[in-house]
Amino acid sequence: MIYSTVSAGFFVGNGYNIPFWHSFWKEEGILKLLYHVLFSVSELQDVSIAAVGGWRNGVWSWGNFGVSNEHLSVGPIATEMILLQQHISSVSPVCQGLDNVEWVQSLGGRFTVADCFRRINSFRVRSGPRDQFDAAMELVWRIEDPLKVKAFGWRCFINILSTKDHLTRKGILPSSNSSRVFCSAVGESALHSLLFCHAAVLVWRDMGERIGLTGLRGMSFKESFFVWFNFCKHNYVTKGKEGVVWLATCWTIWLVRNDIVFRKEKWNVSDMVWRAKALVWKWASIEKIVQSNCNFYEFSRNPMYYLS
């Protein structure tokens, strides 16, 4: 028989490995909390389920749970004893079979990190109403591109990229070294560098024109992702490819930004655009979406045709 918490189900086998008082093996709760008076006088506080009863002629019967007859003469203890006996009267271990624990948040009882994250996230107290673009946090993981790029997009959404303003707040960089990379103004941020800097705007404009998207730009990473994702979706881009162009553009600008910071390399908008288009073409080949006879230059002229 399985008794479950919200997240885990406990399969009671022979009862040797599940603590009687301390574990969450009954749906109603932990027994030591439900019957705290009885638990306080029990001499078997740390034993397993199998130790508080026994088999006789193939029939399981519960014992006195470590409570002496002297204590049972006290009214509250006697009352809790009756309630506990009624509570578990229909429950018994089995002669053969091991105790087990199963994760009930997913089919098949298998634990996954994703299910655990959703479970923990359900307890999160938000600072305000749900953002209409919060679904981007899940959608980005469904895009068919390298895992590190998905993780990069997610880090953009929660604003933890290692830009100069972020490193300055942590005390890693002095405030005097927080100038922007592309425009040399004071105070670099991820949102400015990747979306609103003049160089970034030119790259986004060129990439937008390539797919027919003009004049639309979100005010945050999640909103921007949604604009591009929904545009591609409404233009029948293959499922799993809707966010490829957005991620490729963001990733390219970030890589070029790092090349400037760490290698002092030169840059220009045209090279950034071609680099982003090359990534889209490369990632579009995942799951064989791109036709086999399509080369990069054919793809770059009409990417929406080959992504659809």
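Residues numbered from 1 in each chain as written. Predicted model: local features only at pLDDT ≥ 70, side-chain atom pairs only at ≥ 80, totals over all residues. Heavy atoms only, no water.

Let us now look at the overall build of the protein chain. Scanning the protein chain from terminus to terminus reveals 15 helices and five strands. The buried share among the 308 residues of the protein chain stands at 42%. Counting contacts in the protein chain only where the partners sit at least 6 residues apart, residues at least 24 apart contribute 57% of the total. For the protein chain, the accessible surface area stands at approximately 17400 Å², while carbon and sulfur atoms represent 55% of it. (Helix = DSSP H or I, 4+ residues; strand = E, 2+ residues; numbered from the N terminus. Buried < 20%, exposed > 50% of the residue type's maximum accessible area, 1.4 Å probe, protein only. Contact = heavy atoms within 4.5 Å. Areas by Shrake-Rupley, 256 points an atom, 1.4 Å probe, with all protein chains shown as cover.)

A few words now on the packing of aromatic side chains. Overall, the coordinates contain 19 aromatic pairs when judged by the stated rule. Between W55 and W60, the ring centres sit 5.4 Å apart and the planes meet at 70°, which makes this aromatic pair edge-to-face. W55 sits in the partly exposed class, given a relative accessible area of 38%. On the basis of an interplanar angle of 35° and a centroid distance of 6.3 Å, the ring pair of W62 and F65 is categorised as tilted. Per residue, the accessibility class of W62 equals that of F65, and both read buried. Here a set of aromatic residues connected by ring pairs shows up, and it is made of F20, W21, W25, F39, W55, W60, W62 and F65. Positioned over the ring face of W274 is K277, at 3.5 Å from the centre of the ring. (Phe/Tyr/Trp six-rings, centres within 6.5 Å; stacked < 30°, edge-to-face > 60°. Lys NZ or Arg CZ within 6 Å of the ring centre and 35° of its normal.)

So, on to the pattern of salt bridges. As enumerated under the stated definition, the model contains seven salt bridges in all. One salt bridge in this structure joins K241 and E144, with 3.2 Å as the shortest N-O distance. Here K241 is found in the loop between α11 (221-234) and α12 (244-263), whereas its partner E144 is found in the loop between α6 (136-139) and α7 (147-157), with 97 residues between them in sequence. By relative accessible area, K241 is classed as buried at 0%. Residue classification places E144 among the partly exposed residues on the basis of a relative accessible area of 23%. Of the charged contacts, one joins D206 and R210 as a salt bridge, the two residues approaching to 3.5 Å between their closest N and O atoms. Residue D206 and its partner R210 are located together in helix α10 (residues 198-211), separated by four residues, close to a single helical turn. The partly exposed category is assigned to D206, whose relative accessible area is 26%. The class for R210 is partly exposed, based on a relative accessible area of 35%. (Salt bridge = Lys/Arg side-chain N within 4 Å of Asp/Glu carboxyl O.)

The next subject is the confidence of the model for the protein chain. Considering every residue of the protein chain, the mean pLDDT works out to 82; 86% of them sit at 70 or more. Considering each helix and strand of the protein chain separately, the mean pLDDT is smallest for strand β1 (residues 2-4), with a value of 42, and largest for α7, with 93. Across residues 1-5 the pLDDT falls below 50, and counting only partners more than four positions away or on other chains, this stretch makes 22 contacts in the model. (pLDDT = per-residue confidence, 0-100.)

Okay, the pairing of strand β4 (residues 59-62) next. On β4, burial follows the alternation: W60 and W62 on one face are buried, whereas V59 and S61 on the facing-out side are not. The pairing of strand β3 (residues 53-56) with β4 spans four bridges and is antiparallel. Across the sheet, residue W55 finds its bridge partner in β4, namely W60. Linkage of β3 to β4, two consecutive antiparallel strands, is achieved through a turn of two residues, within which N57 is found at a positive phi near 55°. (Pairing = 2+ DSSP bridges.)

Tracing the sequence through the fold places R257 in helix α12. Here the side chain of R257 touches E188 through a polar contact of 2.9 Å, side chain to side chain. Excluding residues that lie within four positions of it along the chain, R257 makes contacts with S162, T163, K164, V181, F182 and E188. (Polar contact = N/O pair within 3.5 Å; in protein donor to acceptor, adjacent residues only side chain to side chain.)

Among the residues making up α7, those that are buried are V149, K150, F152, G153, C156 and F157. When α7 is viewed along its axis, its buried side chains cluster within an angular range of 155° and face the same direction. Turned more than 90 degrees off the buried face of α7, the exposed positions are L147 and K148. (Arc of directions from axis to C-beta.)

Look at α10 against helix α13 (residues 269-284): their axes get within 9 Å of each other, and the N-to-C directions meet at 45°. The pairing of α10 with α13 is recorded here as oblique in orientation. Regarding α10 and α13, the two cross each other, and that crossing is right-handed. For the pair α10 and α13, the contacting residues are A199, L202, V203, D206, M207 and R210 in the first and V269, M272, V273, A276, K277 and V280 in the second. (Axes fitted to C-alpha atoms, helices over the stretch in contact; angles between N-to-C directions. Parallel < 35°, antiparallel > 145°, perpendicular 65-115°, else oblique. Left-handed = near helix turned anticlockwise from the far one by under 90°.)

Below, the discussion takes up the nonpolar core. Membership of the largest hydrophobic core comes to 53 residues, with the highest contact counts inside it found for F221, F225 and W246. Looking at this core, the elements with two or more residues in it are α6, α7, α9 (190-196), α10, α11, α12, α13 and α15 (303-307). Not counting the four nearest positions on each side in its chain, F225 is found in contact with A136, L139, V140, I143, F157, G243 and W246. (Core = buried A, V, L, I, M, F, W, Y, C linked by side-chain atoms within 4.5 Å.)

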